Amino acid sequence: MPLWSGRFSEASDPLFKRFNDSLRFDHRLLKQDIQGSIAWAAAIERAGVLESHERERIVIALAEIEKRWGGDSARIVESGAEDVHSFVEAELIRHPGVGDLGKKLHTGRSRNDQVATDLRLWVRDELDSRLAELRAAQAALLALAEREIETIIPGYTHLQRAQPILLSHWALAYFEMLDRDASRLADARRRANLCPLGSGALAGSAYPIDRAALARDLGFDAPTANSLDAVSDRDFVVESLAAAALCAVHLSRLAEDLILYTSGEFAFVELSERVTSGSSLMPQKKNPDALELIRGKVGRILGAHTALCTTIKGLPLAYNKDLQADKAPLFDAMDNLSRCLRVLPVVLEGMKIDRARCLAAAKGGYSNATDLADYLVSKGVPFREAHELAGKAVRLGLSRGQALEDLPLADLQKIDPRIQQDVFARIALEAGMAKRNLMGGTGTEAVRAALARAKGAEASSVGRKSGA
Ligand code: ARG
């Protein structure tokens, strides 16, 4: 029997029932629904609705229901209940230690404030998990940076070799992106951590609920301020999805870099067999599937964000059943982001870097042409002119198939007589790198300092979590 059977004389059409029911996906809120119900029992005891011994019986039964059904989603779904809220209530009433007393639990509460509360509890837990996974992915990037602290690779703009950089500098670039993602997740958590319970269906509960105490019992920072907003607000889901989507975008860019680096044309990186697959037809293939999936998932996660924004866009206040469609995209996006974040460290740990090949590529492509221009600047040539002269040297090198440092001094001097023997030391790869030791640069000292800062920040964020 549905929760609303009093007013109805006809049963639901089976097609409508299937269409309307959300148990097949919202069973994932079982733990949170029980958590919320336990707090609600205390709230209505304080409001004089329940005796304390009644609350105790209800709370014991709810804990047993969680123990019995948690982790058995297939059987929960078979129950045929409309949603997780009606499932828990029906189980409570069926419980031998509670029986008809269970019918009192929903006093002053609506599924509208109930589901908003459950979902905030769920999002809070999930954001904490994503944050921990993100920190682990960052730690893997730091370990890679440490292993490859002095490995030189070509840096690219327009995917053309631009200037040499350290692979550790590359890894720390992604560390920074993930750091911003972590702060966005933490920020989303802060706004999610408010308690809608007590808002009733839309107008506020008619019982004298101590909402501050209720919020505290559930670990929320405060009660929500407006009942209409509280039951229809899904900003906390949208924000979490936006943070998840941007994080997925970053992971996708990282994956793309590495996919390029593993190709035969680059061949800077070889991936472990633990995260690659072969081809059913071509015996030689070793495909970067893990990275391609990380790159691919962003579509789904971004899609979830768009889907929910679109759903909410035209909704009149307050609760509308449309909001039931928030869960599938949220669950899917969080699950997929979690998978990406957990696979990434396995990929990074197993990477083998061909340092000689990276160095050769960094030396090729005239990526020290800027250093030649800077050399001329040091001889008093204005930069715009120096740029032109260095460009001519590149053209000469190209015509002969020679790197700048391999061109004879006499030929360089034909381009400009101010070029002297000391040019070769100044356009050597190491010299160019050593000049970039300002904060944020790719010089070895700068990168060592950045790594130390990143490790310090990481240690203090782990420290904060463990309460140290
Ligand atoms: N299953 C619903 C949801 O996920 C619960 C709230 C239902 N409220 C209602 N008035 N029908 O949104």
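Please refer to the structure higher up on the page.
What you see is a predicted model, and the numbers here were worked out from it, not measured in a lab.

J.: It is not clear to me how unusual backbone geometry should be interpreted in this structure. Could you clarify?
T.: What is expected of a backbone is that most residues other than glycine have negative phi and most peptide bonds are trans. For the bond from Leu 317 to Ala 318, the omega torsion is 0°, close enough to zero to count as cis. Tracing the chain through its elements places Ala 318 in the loop between helix 12 (289-313) and helix 13 (327-349). Phi angles above zero are rare outside glycine, and Leu 159 is one such case at about 55°. Counting through the fold element by element, Leu 159 comes out in the loop between strand 1 (152-157) and strand 2 (160-166). Although it is not a glycine, Ala 267 sits at a positive phi angle of roughly 55°. Ala 267 sits in the partly exposed class, given a relative accessible area of 25%.

J.: Would you mind showing me how to read the site of the ligand here?
T.: Taken together, Ser 22, Asp 26, Asp 83, His 85, Arg 111, Asn 112, Val 115, Tyr 319, Gln 324 and Lys 327 make up all the residues around the ligand. Contacts to the ligand include Asp 83, whose side-chain N or O atom sits 3.3 Å from a nitrogen atom. A distance of 2.9 Å is found between a nitrogen atom of the ligand and a side-chain nitrogen or oxygen belonging to Asn 112. Here the ligand loses 86% of its free accessible area of 340 Å² to cover by the protein chains.

J.: What's the story with the packing of helix 7 (residues 111-147) against helix 8 (residues 167-192) in this structure? I'm lost.
T.: Helix packing geometry: the angle between the two helix axes and the distance between the axes. The contact between helix 7 and helix 8 brings their axes to 9 Å, and the two run at 165°. Considering their axes alone, helix 7 and helix 8 lie roughly antiparallel with respect to each other. Note on packing geometry: the crossing formed by helix 7 with helix 8 is left-handed.

J.: Before we go on, may I ask you to explain the packing of aromatic side chains in this structure?
T.: Aromatic ring pairs are reported here in terms of the distance separating the ring centres and the angle at which the planes meet. Evaluated as defined, the whole model comprises eight aromatic pairs. Aromatic side chains Tyr 261 and Phe 266 sit 5.9 Å apart centroid to centroid with 45° between the ring planes, which places their arrangement in the tilted category. Phe 266 carries the same exposure label as Tyr 261, and that label is buried. An aromatic cluster of at least three residues, connected via ring pairs, comprises Tyr 156, Trp 170, Tyr 174, Tyr 261, Phe 266 and Phe 268. One residue, Arg 7, lies across the ring of Phe 8, its end atom 5.7 Å from the ring centre. Looking at Arg 28, its charged tip hangs above the ring of Phe 331, at a distance of 4.8 Å from the centre.

J.: Can you walk me through the environment of Gly 441 in this structure?
T.: For Gly 441, the location among the structural elements is in the loop between helix 19 (429-434) and helix 20 (444-465). Distance from Gly 441 to Ile 165, taken between C-alpha atoms, is 8.9 Å for residues 276 residues apart in sequence. If near-sequence neighbours (up to four positions away) are discounted, Gly 441 is found in contact with His 169, Arg 436, Ala 446 and Val 447.

J.: Would you mind going over the pairing of strand 2 with me for this structure?
T.: Consecutive residues of a regular strand have side chains that alternate between opposite faces of the sheet. Note that strand 1 and strand 2 share six bridges and pair antiparallel. Its bridge partner being in strand 2, Pro 154 is matched across the sheet by Pro 164. Count of turn residues in the strand 1/strand 2 antiparallel hairpin: two residues, of which His 158 carries a positive phi of about 55°.

J.: How should the side chain of Arg 130 be read in this particular structure?
T.: Within the fold, Arg 130 resides in helix 7. With a relative accessible area of 4%, Arg 130 lands in the buried category.

J.: Explain the layout of surface pockets to me, please; I cannot follow it from the model alone.
T.: Using a probe with the size of a water molecule, rolled over the atoms, empty space left in the structure can be pinpointed. Volume-wise, the largest pocket comes out at about 560 Å³. Elements supplying a minimum of two residues to the lining of the largest pocket: helix 1 (14-20) and helix 6 (84-94). Considered class by class, the residues forming the lining of the largest pocket number eleven nonpolar, seven polar and seven charged.

J.: Help me understand the state of the cysteines in this model?
T.: This structure, assessed with the given rule, holds zero disulfides. Here Cys 309 is not cross-linked by a disulfide; its sulfur's nearest cysteine counterpart is in Cys 247, at 18 Å. The exposure class of Cys 309 is partly exposed, given its relative accessible area of 33%.

J.: Please clarify how a nonpolar patch on the surface should be interpreted in this entry.
T.: Residues Leu 202, Leu 228 and Leu 317 make up a contiguous nonpolar surface patch of roughly 270 Å² in combined accessible area. One can find Leu 202 in the loop between strand 3 (194-195) and helix 9 (211-217). Look at Leu 202 and you get partly exposed, because its relative accessible area is 40%.

J.: Help me out: how do you make sense of the nonpolar core in this one?
T.: As a rule of thumb, soluble globular proteins bury nonpolar side chains together. Counting residues in each nonpolar core, the largest one holds 109 residues, and the members touching the most others are Ile 58, Trp 170, Leu 214, Leu 251 and Leu 330. Per-element tally for this core: the top contributor is helix 11 (residues 235-262), with 15 residues. Contacts of Leu 330, omitting those with residues within four sequence positions, involve Leu 119, Trp 122, Val 123, Val 237 and Leu 241. Of all hydrophobic cores here, the second largest spans 20 residues; its members include Tyr 375, Leu 376, Ala 393 and Leu 404.

Reading the values: rules and limits
Residues numbered from 1 in each chain as written. Predicted model: local features only at pLDDT ≥ 70, side-chain atom pairs only at ≥ 80, totals over all residues. Heavy atoms only, no water. Helix = DSSP H or I, 4+ residues; strand = E, 2+ residues; numbered from the N terminus. Buried < 20%, exposed > 50% of the residue type's maximum accessible area, 1.4 Å probe, protein only. Near = heavy atom within 4 Å. Polar contact = N/O pair within 3.5 Å; in protein donor to acceptor, adjacent residues only side chain to side chain. Areas by Shrake-Rupley, 256 points an atom, 1.4 Å probe, with all protein chains shown as cover. Axes fitted to C-alpha atoms, helices over the stretch in contact; angles between N-to-C directions. Parallel < 35°, antiparallel > 145°, perpendicular 65-115°, else oblique. Left-handed = near helix turned anticlockwise from the far one by under 90°. Phe/Tyr/Trp six-rings, centres within 6.5 Å; stacked < 30°, edge-to-face > 60°. Lys NZ or Arg CZ within 6 Å of the ring centre and 35° of its normal. Contact = heavy atoms within 4.5 Å. Pairing = 2+ DSSP bridges. 1 Å grid on protein atoms, 1.4 Å probe; cavity = no way out; pocket = protein on both sides within 12 Å on 5 of 7 lines; lining within 4 Å. Points joined across faces, edges and corners; volume = space filled by probe spheres on them. Nonpolar A, V, L, I, M, F, W, Y, C, P; charged D, E, K, R; others polar. Disulfide = S-S within 2.5 Å. Patch = residues over 30% accessible without salt bridge, like charges linked within 9 Å, V, L, I, M, F, W, Y side chains within 5 Å. Salt bridge = Lys/Arg side-chain N within 4 Å of Asp/Glu carboxyl O. Core = buried A, V, L, I, M, F, W, Y, C linked by side-chain atoms within 4.5 Å.

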